[in-house]
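# A closer look at the structure
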Amino acid sequence: MIVEKAPAKLNLGLQILGKRPDGYHDLISIFQTIDLCDHLIFDVAKKGQTIFHCDDPKLPSGPDNLVCQAVEVFRQATDIDEGIQIRLEKHIPYGAGLGGGSSDAATVLLALNRIWNAGLSLDQLRDLGLNLGSDVPFFIQKGTALVQGRGERLRYIPWHGHVVYVLVAPEFEVATGWAYGNYKKALTEKGGYATFLNCVNPDEIYISELLQHLENDFLPLILQTHSEVSQILEAFKKNDALSASLSGSGSTLYGVFEDQKAAENAVSAFESKGYRVFLCHPMLS
Ligand code: C5P
């Protein structure tokens, strides 16, 4: 039996650059893995068999789950016909912009590569991952990355500072496809985030400067469709967050804090209002 952790991610800013001929959108974003993790438990099964169980009944437990799709894609790429049993314990909220499903899929690719001794390189695993979803290639390696293209152009960058994140996951979910189809171009026209990233050396990003530029092109849409979002952002300010933003296409909002104590105070404030809250840190390796 092997237990693997699949971390969530935050988008430290996200700008949509335009629609591509293949229907996807080009983006620029900094992705970072954080220490909020799903758990995947791998065990042996009879030849050719895939046995999958997820502890959350709201998620698909068959071929629609990205975990099963990852097993299928891996089998096809390697011609390996071993059996596998996978149990997924969900901790990352879904439809929340935290990449939970994509991270689960990447973790399956990495684990099968090891368990079945398949010898695929990390780049080959990333290529396989892209067939499963735009965010999957990023999760093949933990850390902080400048992400471009539809999610496949990755440049891992150093992260020196100490920050604490407070995540607030509202009850509503956001479908990524819907968000890309309906986002407002307001911030794209302004373009402060992309300009900032294009002007700095990604290997020497000052966290304090980045925190001044945490724009997310999906935020105007999510603000317009869900009134509680502006209250949550306001509450982050009141609770002394250095900065606050939306992760991915939502629905998770997060505040960045200088130290644990300030973050813990914010957690208490949000919990007293009945929100689902997570206190997290960057997960860099
Ligand atoms: O790649 P993934 O399956 O996660 O994407 C879900 C949907 O989000 C896509 O079908 C597409 O409509 C949209 N999308 C996009 N551009 C991206 C990523 C996702 O338009 N870079």
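On a predicted model such as this, the values are computed, not experimentally measured, just so you know.

Cut-offs applied
Residues numbered from 1 in each chain as written. Predicted model: local features only at pLDDT ≥ 70, side-chain atom pairs only at ≥ 80, totals over all residues. Heavy atoms only, no water. Salt bridge = Lys/Arg side-chain N within 4 Å of Asp/Glu carboxyl O. Helix = DSSP H or I, 4+ residues; strand = E, 2+ residues; numbered from the N terminus. Axes fitted to C-alpha atoms, helices over the stretch in contact; angles between N-to-C directions. Left-handed = near helix turned anticlockwise from the far one by under 90°. Contact = heavy atoms within 4.5 Å. Near = heavy atom within 4 Å. Polar contact = N/O pair within 3.5 Å; in protein donor to acceptor, adjacent residues only side chain to side chain. Areas by Shrake-Rupley, 256 points an atom, 1.4 Å probe, with all protein chains shown as cover. Core = buried A, V, L, I, M, F, W, Y, C linked by side-chain atoms within 4.5 Å. Buried < 20%, exposed > 50% of the residue type's maximum accessible area, 1.4 Å probe, protein only. Phe/Tyr/Trp six-rings, centres within 6.5 Å; stacked < 30°, edge-to-face > 60°. Lys NZ or Arg CZ within 6 Å of the ring centre and 35° of its normal. Pairing = 2+ DSSP bridges. Right-handed = clockwise from strand over helix to strand, strands pointing away. 1 Å grid on protein atoms, 1.4 Å probe; cavity = no way out; pocket = protein on both sides within 12 Å on 5 of 7 lines; lining within 4 Å. Points joined across faces, edges and corners; volume = space filled by probe spheres on them. Nonpolar A, V, L, I, M, F, W, Y, C, P; charged D, E, K, R; others polar.

### A look at the pattern of salt bridges
Where charged atoms of side chains with opposite charge meet at close range, the side chains can pair. Under the counting rule described, the total for this entry stands at nine salt bridges. Of the charged contacts in the structure, one is a salt bridge between Glu4 and Arg114, with a shortest N-O distance of 2.3 Å. Separated by 110 residues along the polypeptide, Glu4 in strand S1 (residues 2–19) and Arg114 in helix H2 (residues 100–115) bring together distant segments of the chain. With a closest N to O distance of 3.3 Å, Lys47 and Glu82 form a salt bridge. In this pair, Lys47 is assigned in the loop between strand S2 (25–43) and strand S3 (50–54) and Glu82 in the loop between helix H1 (66–78) and strand S4 (84–89), connecting sequence segments 35 residues apart.

### Description of the packing of H1 against H2
Where H1 contacts H2, the axes come no closer than 8 Å and their chain directions differ by 35 degrees. The way H1 lies across H2 gives a crossing that is right-handed. Along the contact surface, H1 presents Leu66, Val67, Ala70, Val71 and Phe74, while H2 presents Gly101, Ser102, Asp104, Ala105, Val108, Leu109, Leu112 and Asn113.

### Quick word on the site of the ligand
In the region of the ligand, the neighbouring residues are Gly23, Tyr24, His25, Leu27, Gly133, Ser134, Arg150, Thr176, Gly177 and Tyr180. His25 is positioned such that a nitrogen or oxygen atom in its side chain is 2.7 Å from an oxygen atom of the ligand. Here an oxygen atom of the ligand and a side-chain polar atom of Ser134 are 2.6 Å apart. Taken by itself the ligand offers 450 Å² of open surface, and the protein chains cover 71% of this.

### Re the nonpolar core
Counting 64 residues, the largest nonpolar core has Ile86, Val108, Leu109, Val166 and Phe236 as its most contacted members. The biggest single contributor to this core is H1, with seven residues. Contact partners of Leu109, with chain neighbours within four places excluded, come to Ala70, Phe74, Leu125, Leu128, Gly129, Leu132, Val136 and Ile140. Residues Leu36, Val163, Ala194 and Ile207 belong to the second largest nonpolar core, which totals 28 residues.

### Observations concerning the packing of aromatic side chains
Counted according to the given criterion, the structure contains ten aromatic pairs. Here the aromatic rings of Phe270 and Tyr275 are separated by 6.0 Å at their centres, their planes lie at 75 degrees, and the arrangement is edge-to-face. Following the ring pairs from residue to residue traces out a cluster consisting of Phe31, Phe138, Phe139 and Tyr156. It is Arg150 that lies over the ring of Tyr24; its NZ or CZ is 3.8 Å from the centre.

### Observations regarding the pairing of S3
In regular strands, side chains alternate between the two faces of the sheet. Here S3 runs beside S4; their pairing, made up of five bridges, is parallel. The residue of S4 that forms the bridge with Cys54 is Leu88. At this point the chain moves from S3, through H1, to the parallel S4, and the crossover so formed is left-handed.

### Re the layout of surface pockets
The space that makes up the largest pocket amounts to roughly 920 Å³. When residues of the lining of the largest pocket are traced back to their parent elements, those giving at least two are S1, S2, H1, H2 and helix H4 (176–182). Here the lining of the largest pocket takes four residues from H2, the largest share from any one element. Along the lines of polarity and charge, the residues of the lining of the largest pocket split into 18 nonpolar, 17 polar and seven charged.

### What about the pairing of strand S5 (residues 144–148)?
Counting buried positions along S5 gives four out of five residues, so the element sits mostly inside the fold. Alignment of S2 against S5, held across four bridges, turns out to be antiparallel. When the bridges of S5 are listed, Phe31 appears paired with Ala145. Between S5 and strand S6 (residues 153–156), which pair antiparallel one after the other, the connecting turn spans four residues, and Gly149 there sits at a positive phi close to 70 degrees.

By themselves, these are just geometric observations and shouldn't be taken as functional.
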